[in-house]
Amino acid sequence: MTTRLALVAASTLLVGALGCRRTSGRVAHRGGAAHWPENSHTAIEGSLEKGWPVVGFDVFLTQDRVPVLNAEPFLDPALCRTIGDRPVDEVWLLQTTFDTLFAGYRCGGVEDPRFPDAKVVEDSLVPLDDLITALEAVDPDDRPEVHLTAGFFPNVSHDPEVYAAEVLGRWTLSDLDTPPVIVADLPVTLDAFRQDAHERGISVRTTLVWPRLPDAGGEGAAALVQALGTANGVVDPVRAFEDSGADGMRLIPAVATRTDARRVAAVADYVEVGPVHRPAEVKAFSAWPVDALVASDPTP
């Protein structure tokens, strides 16, 4: 066991012995979106240079089942443009091949109003293979833990079993010893990754995102119903966690409460909250009884 892993293990044992948690960890949300375009080559290179211990990226599949780092099942028109610098219309990954996306579109070359201090760097869509290659070039003792958020939206993305096969299939063919932590907001997605991992003779840690908010279509009424259900105990995070079979839980700060964090901490291996973007948010949620914050700027 390396010195770094030994320290992590000792810290985990201490937390368990004391029966409490300290928010000391950070997960670099989408590779550190406060510093450079999210899910980009620049984010991969920059986060590895920073030496952040945990980095998170999002993964979706193109029509021809190529895993790419992207936060939605479509190209975000606020962040992407065509090669001719025209606005992006409706471009769904499920309906578009990787070669078409790579040749016709660029993302990140538009300033993101959420992160005015971030670098503005134009980039192609990033295949998961490029992240794997970058990680292989890092000394094993210095490699970060990687969290992959696997999105699944019925009718607009590939089935979870296909996700799992394409992502874990590529990962297990690499020189990387440790599988990624799989993050998802639906138990069916986590089940698919666990089953695929079992068939490959490996194990993966899984994290349930709670609560499941409306998809990128923006159904505000559904979000309100979710929030009201949570406040009135209809939607229970502990029950959701236990039903999912996950190892840990990520709480969405817009809906989850500190009480939710405390209750989940009593039954989960680890609890995180995020994403959080502003320094004030980081400070406020650092007081929660969780193990880590998912932050656009993971710098302590």
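Thresholds, definitions, all that
- Residues numbered from 1 in each chain as written.
- Predicted model: local features only at pLDDT ≥ 70, side-chain atom pairs only at ≥ 80, totals over all residues.
- Heavy atoms only, no water.
- Disulfide = S-S within 2.5 Å.
- Helix = DSSP H or I, 4+ residues; strand = E, 2+ residues; numbered from the N terminus.
- 1 Å grid on protein atoms, 1.4 Å probe; cavity = no way out; pocket = protein on both sides within 12 Å on 5 of 7 lines; lining within 4 Å.
- Points joined across faces, edges and corners; volume = space filled by probe spheres on them.
- Core = buried A, V, L, I, M, F, W, Y, C linked by side-chain atoms within 4.5 Å.
- Buried < 20%, exposed > 50% of the residue type's maximum accessible area, 1.4 Å probe, protein only.
- Contact = heavy atoms within 4.5 Å.
- Polar contact = N/O pair within 3.5 Å; in protein donor to acceptor, adjacent residues only side chain to side chain.
- Axes fitted to C-alpha atoms, helices over the stretch in contact; angles between N-to-C directions.
- Parallel < 35°, antiparallel > 145°, perpendicular 65-115°, else oblique.
- Left-handed = near helix turned anticlockwise from the far one by under 90°.
- Nonpolar A, V, L, I, M, F, W, Y, C, P; charged D, E, K, R; others polar.
- Phe/Tyr/Trp six-rings, centres within 6.5 Å; stacked < 30°, edge-to-face > 60°.
- Lys NZ or Arg CZ within 6 Å of the ring centre and 35° of its normal.

**Student:** Got a minute to help me understand the state of the cysteines in this structure?
**Tutor:** The bond known as a disulfide is covalent and runs between the sulfur atoms of two cysteines. What the rule picks out here adds up to one disulfide. The disulfide bridge from Cys80 ends at Cys107, spanning 2.0 Å between sulfur atoms. Measuring handedness by torsion sign, the sulfur bridge of Cys80 and Cys107 sits at about 100° and is right-handed. Of this pair, Cys80 sits in strand β4 (residues 80-82) while Cys107 sits in strand β5 (residues 105-107); the two residues are 27 residues apart in sequence, bridging distant segments of the chain.

**Student:** Explain empty space enclosed by the protein to me, please; I cannot follow it from the model alone.
**Tutor:** If a probe as big as a water molecule is rolled over the atoms, it shows which places are left empty. Tallied over the entire structure, the rule returns one cavity of 30 Å³ or more. Estimates place the volume of the largest cavity at around 60 Å³. Every residue lining the largest cavity is listed: Val27, His29, Arg30, Gly56, Phe57, Asp58, His147, Thr149, Arg250 and Val294. Breaking the lining of the largest cavity down by element, the ones donating at least two residues are β2 (54-61) and β7 (145-150). Counting residues per element, the lining of the largest cavity draws most heavily on β2, at three residues.

**Student:** Just to check I follow, could you spell out the nonpolar core for this structure?
**Tutor:** With 68 residues, the main nonpolar core has Leu75, Leu131, Leu148 and Leu251 as its most contacted residues. The element contributing the most residues to this core is helix α5 (residues 160-172), with six residues. Apart from the residues within four sequence positions on either side, Leu131 is in contact with Ile44, Phe57, Leu69, Val146 and Leu148.

**Student:** Got a minute to help me understand the side chain of Ser40 in this structure?
**Tutor:** Along the polypeptide, Ser40 turns up in the loop between β1 (25-28) and α2 (41-50). With sequence-adjacent residues up to four places away left out, Ser40 is seen in contact with Asp123 and Val126.

**Student:** I keep staring at the side chain of Asp58 and nothing clicks. Help me out?
**Tutor:** Looking at the secondary structure, you find Asp58 in strand β2. A polar side-chain atom of Asp58 sits 2.9 Å from a polar atom in the side chain of Arg30. With residues up to four places along the chain from it excluded, the contact list for Asp58 reads Arg30, Asn39, Val68, Leu69, Asn70, Ala71 and Thr149.

**Student:** Quick question: what am I supposed to make of the packing of α5 against helix α6 (residues 187-200) here?
**Tutor:** Look at α5 against α6: their axes get within 8 Å of each other, and the N-to-C directions meet at 45°. The angle between the axes of α5 and α6 places the two elements in the oblique class. Both α5 and α6 take part in a crossing whose hand is right-handed. Facing Pro160, Glu161, Tyr163, Ala164, Ala165, Val167, Leu168, Gly169 and Thr172 of α5, the residues of α6 in contact are Val188, Thr189, Ala192, Phe193, Asp196, Ala197 and Arg200. In terms of residue class, the contact of α5 with α6 is made up of 10 nonpolar, three polar and three charged.

**Student:** What is the right way to read the packing of aromatic side chains from this model?
**Tutor:** When we look at a pair of aromatic rings, we describe it by the centre distance and by the angle of the planes. Per the stated rule, a full pass over the model turns up six aromatic pairs. Arranged with centres 6.0 Å apart and planes meeting at 45°, the rings of Trp36 and Trp52 form a pair that is tilted. On the criterion of sequence distance, the pair formed by Trp36 in the loop between β1 and α2 and Trp52 in the loop between α2 and β2 is long-range, its members being 16 residues apart. The exposure class of Trp36 is buried, given its relative accessible area of 7%. With centroids separated by 4.8 Å and ring planes inclined at 70°, the aromatic side chains of Phe285 and Trp288 adopt a geometry described as edge-to-face. Owing to a relative accessible area of 13%, Phe285 belongs among the buried residues under this scheme. Residue classification places Trp288 among the buried residues on the basis of a relative accessible area of 11%. It is Arg106 that lies over the ring of Phe102; its NZ or CZ is 5.6 Å from the centre.

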